[in-house]
Amino acid sequence: MTGHTTGARPARAAELPRSRTEPDGAAVVRLLSYNIRSLRDDPEALVRVVRACAPDVVCVQEAPRFFRWRKRAAWLARRTGLTYVTGGATAAGPLILASLRAQVEHAEDVLLPRTPGLHRRGFALARLRFGTAARLGVVSFHLSLQARERREQAGVLLERAAALGSAVVAAGDVNERAGGRTFALLGTDLRDAWVAAPWSGEHTSPAAAPRQRIDAVFVGERVGVLGAGVPRGLPGLAEADLVAATDHLPVLAALRVPAG
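Thresholds applied
- Residues numbered from 1 in each chain as written.
- Predicted model: local features only at pLDDT ≥ 70, side-chain atom pairs only at ≥ 80, totals over all residues.
- Heavy atoms only, no water.
- Salt bridge = Lys/Arg side-chain N within 4 Å of Asp/Glu carboxyl O.
- Helix = DSSP H or I, 4+ residues; strand = E, 2+ residues; numbered from the N terminus.
- Buried < 20%, exposed > 50% of the residue type's maximum accessible area, 1.4 Å probe, protein only.
- Polar contact = N/O pair within 3.5 Å; in protein donor to acceptor, adjacent residues only side chain to side chain.
- Pairing = 2+ DSSP bridges.
- Contact = heavy atoms within 4.5 Å.
- Axes fitted to C-alpha atoms, helices over the stretch in contact; angles between N-to-C directions.
- Core = buried A, V, L, I, M, F, W, Y, C linked by side-chain atoms within 4.5 Å.

**Looking at the pattern of salt bridges**
Piece 1. All told, the structure shown has 15 salt bridges when counted by the stated rule.
Piece 2. Arg256 is the partner of Glu22 in a salt bridge, and the nearest nitrogen-oxygen pair spans 2.9 Å. In this pair, Glu22 sits in the loop between strand 1 (20-21) and strand 2 (27-35) while Arg256 sits in strand 13 (residues 251-257), placing the two residues 234 residues apart along the sequence.
Piece 3. For Arg37, the salt bridge goes to Asp41, with nearest N and O atoms at 2.7 Å.
Piece 4. Overall, the relative accessible area of 23% leaves Arg37 in the partly exposed class.

Below is the structure:
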């Protein structure tokens, strides 16, 4: 998969579709992927960013996972107007939040094998229903810093995503630049949402001076991408909050999930 080196495109935030249910039962779903660095930076700025993006689903990476982590996850859900679905310490960091629009049909946490000397990784998985017939499988992930382990984890991720069906989205921190071998592996079965429908900014790291895309949203064959990228220019979203909230910029995607 070819990486992009053009940096941020002109923000066209107003053009990103809003959440809705269509007459045929399909759903337009806003999904946000965000590495929040365990709320170690400015949590109030983080809350403002999430709320400005108006997501139906948030795939969190580096969620709180130590002392009183459930209380902190509940705080984040409450302050952003969302509900806790699954993940956190039980998935070694990845977490899923969702709006009341989403009905949770299945939730599961997966811990991956630990490599000595490296941080343990895992996935948070859910199957969500929007309206009466639009179902979306969701995987929140954060892959290894070590290249070999990262590719092994990507293979497991593809297996888990496939088990959720063809209407699936996997979102998270790849820990590798776009165009790398892990991006290419994930692209064998899934589509990179930024490549499919680039919108607003591309680079996600570091937040203060982004120069690389290491965070991404990947979708299955039945999920349409209406736009994906780093949100900028949204009403109520200040550039200072994007920088203060955490060391990554988020990725916001508008997805079309078919009925049935």
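**Observations regarding the side chain of Arg232**
Piece 1. Within the secondary structure, Arg232 sits in the loop between strand 12 (224-229) and helix 6 (239-245).
Piece 2. Within polar-contact distance, the side chain of Arg232 engages the side chain of Glu239 at 3.0 Å.

**A word on the sheet that holds strand 10 (residues 191-192)**
Piece 1. The six strands are arranged 6-7-8-9-11-10 in an open sheet whose pairing can be described as mixed. Looking at the sheet topology across the chains shown, the edges are occupied by strand 6 (102-111) and strand 10.
Piece 2. Pairing between strand 10 and strand 11 (residues 215-219): two bridges, direction antiparallel. Counted as the bridge partner of Arg191 is Val219 from strand 11.
Piece 3. Along the sheet, helix 3 (residues 147-163) contacts strand 6, strand 7 (122-130), strand 8 (134-142) and strand 9 (168-173); its crossing angle with strand 7, the most-contacted strand, is approximately 20°.

**Describing the nonpolar core**
One broad trend across soluble globular proteins is that nonpolar side chains are buried collectively.
Piece 1. By size, the foremost hydrophobic cluster in this structure holds 31 residues, and its most contacted members are Leu128, Phe130 and Val217.
Piece 2. Discounting chain neighbours no more than four positions away, the residues touching Phe130 are Ala27, Val29, Asp56, Val57, Arg101, Ala102 and Leu136.
Piece 3. In this structure, Ala77, Leu234, Leu242 and Leu249 belong to the second largest nonpolar core, which totals 30 residues.

**Some words on the environment of Val29**
Piece 1. Counting through the fold element by element, Val29 comes out in strand 2.
Piece 2. The class of Val29 is buried, set by a relative accessible area of 0%.
Piece 3. Along the chain, Val29 and Ala254 lie 225 residues apart, while their C-alpha atoms are 5.7 Å from each other.
Piece 4. Among residues more than four places away in sequence, those in contact with Val29 are Asp56, Val57, Arg101, Phe130, Leu136, Ala253, Ala254, Leu255 and Val257.

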